Amino acid sequence: MIYIGAEQIISSLGNSASENFNNALKGISGVKKHIDCNLYAKKPLGLLQNFELIPGFSKVESMCIKSGLESLSLINNSNLADKWLIIISTTKGDIDKLKGGDVDGAKPTFLAKRIAKKLPIASEIMVVSNACISGLAATINAHDLVKTGAYDHVLVIGVDVVSEFTTLGFESFYALSDSPLAPFDKHRKGLSLGEAVSSVVISATKELFLSTPIKLCGGVTTNDANHISGPSRTAEGLVRAINLVLQRSKVEASAIDFISAHGTGTLFNDDMESIAFTKSKLDKVPTNSMKGYFGHTLGAAGVLELSMSIQSIRNNKLVKTLGCTTPGTVNKINILLKNKDIPVNTVLKTASGFGGCNAAIILKS
Amino acid sequence: MDLKEELKQHLIEQLNLEEVDAADIENDAALFGDGLGLDSIDALELIVLLDTHYNIKINNPEQGKEIFQSVNSMAEFISQNRD
Amino acid sequence: MKAKAIVRISNTKIELNGNVQFKHIADGRRELPLKLIYNELEINYPKFYKMDNLSKLGFLGVEMLKKVIDFNSFESDRIAQIFQNSYSSLDTDVVHQQLINEEKMPSPAIFVYTLPNIVMGEIAIRNKFYGENLFTLVDEFLPQKWIQLVSLQFKAGKADAVVGGWIEIFKNNFDLRLFFIDKLDYQVGFKVI
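Cut-offs used in this document
Residues numbered from 1 in each chain as written. Chains lettered and ligands numbered in written order. Predicted model: local features only at pLDDT ≥ 70, side-chain atom pairs only at ≥ 80, totals over all residues. Heavy atoms only, no water. Helix = DSSP H or I, 4+ residues; strand = E, 2+ residues; numbered from the N terminus. Buried < 20%, exposed > 50% of the residue type's maximum accessible area, 1.4 Å probe, protein only. Contact = heavy atoms within 4.5 Å. Areas by Shrake-Rupley, 256 points an atom, 1.4 Å probe, with all protein chains shown as cover. Buried area = accessible area lost by both parts, 1.4 Å probe. Salt bridge = Lys/Arg side-chain N within 4 Å of Asp/Glu carboxyl O. Polar contact = N/O pair within 3.5 Å; in protein donor to acceptor, adjacent residues only side chain to side chain. Nonpolar A, V, L, I, M, F, W, Y, C, P; charged D, E, K, R; others polar. Domains from an automatic or database assignment. Axes fitted to C-alpha atoms, helices over the stretch in contact; angles between N-to-C directions. Parallel < 35°, antiparallel > 145°, perpendicular 65-115°, else oblique. Left-handed = near helix turned anticlockwise from the far one by under 90°. 1 Å grid on protein atoms, 1.4 Å probe; cavity = no way out; pocket = protein on both sides within 12 Å on 5 of 7 lines; lining within 4 Å. Points joined across faces, edges and corners; volume = space filled by probe spheres on them.

Undergrad: Before we go on, may I ask you to explain the overall build of chain C in this structure?
TA: On a plain count of helices and strands, chain C comes out with seven helices and seven strands. Listing each helix as α and each strand as β along chain C from the N terminus yields β-β-β-α-α-β-α-α-α-β-α-β-β-α. Viewed in the frame of its principal axes, chain C has a C-alpha envelope of about 55 × 35 × 30 Å. Classification of the 193 residues of chain C by burial places 63% in the buried group. Within chain C, residue pairs in contact and separated by at least 24 positions form 66% of the contacts whose partners lie at least 6 positions apart. As displayed, chain C has an accessible area near 7,500 Å², and 48% of this comes from carbon and sulfur atoms.

Undergrad: Just checking my understanding: could you explain the interface of chain A and chain C for this structure?
TA: Put simply, an interface is often sized by how much accessible area is lost when its parts join up. Every contact between the two is made by 52 residues of chain A and, on the other side, 50 residues of chain C. Roughly 4,300 Å² is buried in total at the junction of chain A and chain C, and carbon and sulfur atoms are behind 59% of that figure. The largest per-residue losses of area from chain A upon contact with chain C belong to F165(A), A225(A) and I228(A), which jointly make up 15% of the total buried on that side. Inspection of the region where chain A meets chain C yields five salt bridges. Here K145(C) and E124(A) are joined by a salt bridge, their closest N and O atoms 2.8 Å apart. Joining chain A to chain C, the criterion identifies 25 residue pairs in polar contact (both at pLDDT 80 or more). Among the elements of the structure, helix 3 (103–106), helix 4 (108–117), strand 5 (123–128), helix 5 (134–147), helix 6 (164–172), strand 9 (214–223) and helix 7 (236–249) of chain A are those that each provide at least two residues to the side of chain A that touches chain C. Among the residues making up the side of chain A that touches chain C, the classes are represented as 24 nonpolar, 17 polar and eleven charged.

Undergrad: Any chance you could explain the side chain of T167(A) here in plain terms?
TA: For T167(A), the location among the structural elements is in helix 6. Only 2.4 Å separates the side chain of T167(A) from the backbone oxygen of S163(A), close enough to count as a polar contact.

Undergrad: What exactly am I supposed to notice about the domain arrangement of chain A here?
TA: Residues and elements named next belong to chain A. Splitting chain A by domain gives domain 1 (3–208) and domain 2 (215–364). Measuring from the centre of the C-alpha atoms in domain 1 to the corresponding centre in domain 2 gives 19 Å. Counting from both sides, the interface comprises 62 residues of domain 1 and, opposite them, 66 residues of domain 2. Here domain 1 packs against domain 2, burying approximately 4,900 Å² in sum over the two surfaces, 71% of which is carbon and sulfur. Among the residues of domain 1 in contact with domain 2, F21, F184 and R188 are the three that bury the most area, contributing 18% of the side total.

Undergrad: What is the right way to read the packing of helix 1 (residues 3–14) of chain B against helix 2 (residues 40–54) of chain B from this model?
TA: Two numbers describe a pair of packed helices, the interaxial angle and the distance between the axes. Residues and elements named next belong to chain B. Their axes nearest at 11 Å, the elements helix 1 and helix 2 cross at an angle of 125°. Considering the angle they form, helix 1 stands oblique to helix 2. Note that helix 1 runs across helix 2; the crossing there is right-handed. Along the contact surface, helix 1 presents L3, E6, L7, H10, L11 and Q14, while helix 2 presents E45, L46, V48, L49, H53 and Y54. Its residues placed into classes, the contact of helix 1 with helix 2 shows seven nonpolar, three polar and two charged.

Undergrad: What's the story with empty space enclosed by the protein in this structure? I'm lost.
TA: Unfilled space is identified by rolling a water-sized probe across the atoms. A complete count under the given rule lists three cavities of 30 Å³ or more for this structure. By volume, the largest cavity is sized at about 110 Å³. What lines the largest cavity is a set of 15 residues, and nearest its centre among them are I140(A), N141(A), E132(C), L134(C) and Q153(C). Elements represented by at least two residues in the lining of the largest cavity include exactly helix 5 of chain A together with strand 4 (79–85), strand 5 (133–137) and helix 6 (143–155) of chain C.

Here it is as structure tokens:
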């Protein structure tokens, strides 16, 4: 069995997984219009508040180092000498360095090396850059590597910051909503970007973790093979990912207690997910998107939302889909409009991204 | 150069239609659908084309459906809205 | 593990399974020969012209593989894609950044390619690859490390073949080392080329 735990989050909602989860339970959102700042997008954003840089390190590096250190403090330090891998999941890393022409500094591998040097584990490093499924893809890769004994433990750090590069790019797609994103809502108008870092540890050693870890049953990635920026209208890529992960984890659709969906607040993505969940017979399962709390954090999203799902399992509480007032997707699914206290034992986490990619992971208590 | 001919050159360049000649594009032919095989990204690129070459800004991409139906409809819109 | 097929496209080589292809193109020229290779392969795929250089390079490499591999002999979701590079999509990122620096309107057609995994999307669309896809960034290509990722697919029963390898491009420097690995060859346990 492979385990996942030591979850850590630094976001617009707080600096630890529990702080983020508790603020989400209170219905607090980190997504706001920042009219007093000289920002390149006059759209709502989920920005970190009062984040202190580590002297000599960029914001992205500082976020990863702080989160990684925190996560590693949640495991037994006698295991720090084992065989580790660090996977950084990011879509653009330190892309702001490109503005001044620093191409080498903008390479995510450069970022990864500088982060690894500050963490108390001697480890190999890898960066996963797979659009919005990066976080899940990194976690799935970590699971498979640990399962085959390639490494004892893997630290996955998912990160992305709100940047001029990305914001203006999404603006060219008219993808950014004027008001904070409303996932799965009838009147949704697009996404809101956010920034965050989240870390998790994956290992086959249950005793590694200071708090009981969660079972990571594995995951699947697929491709729609249809269009590079629009999700498939028939959702076959996501359906395939969901069905394969259920099959390989030997979990029936009826056993899923909760779905943490991708739910970006765009017309096409949310419709596509509603079709996928319906085709997979999951339309009655309590489902949310957590992006209303953080914004779409791109390379961090998969890890961040997995960490929040782990918190849901730990607390047997589901958070509502903040931003959604009246669900309205092509197919009717069970969107959580209120927090819910129920036993949360088996969770499906999904994500989809540019390039036609999809990912699905199953967690169990 | 006539606006429609100019527009066809811009279309070919902006949308990377390398194997297409201006002569192949009929003024009243549907740009989307079978003809040129344009997709949703091309529709957004046409908005950039209007801004870059004719200084016309579109705030709502939905307007594009009518404007970009054909070379004729594009030329008409440009004539009415350019400065 | 033996590769069933290998394609090399770089500033000095265009090779399929070690055999020189299109010699008149591969003569040490410094500019990108992508359009020339496309013409030589006589493919009719206008979408090619919309791709960025990274996607064109990967797309053409796989087209060359098809001369010796029949993808139809595999189930469409059982061919995984695993690619790596160190420059990510920076070759296209600089173009998007340039538009921003010049205060011009960003181009959605360029922005969509500012993610390295898009090349796998283009390859998937062309070849109907519905299966696993992973893009990782590493400093340099270490075949044993790439093979380790390939072996995960086979050990976990996720794929029957893997297409991928090293796909680096930045400005006029490019290096594609593309492999096709069949699960059956992996099980026999040959040394990787």
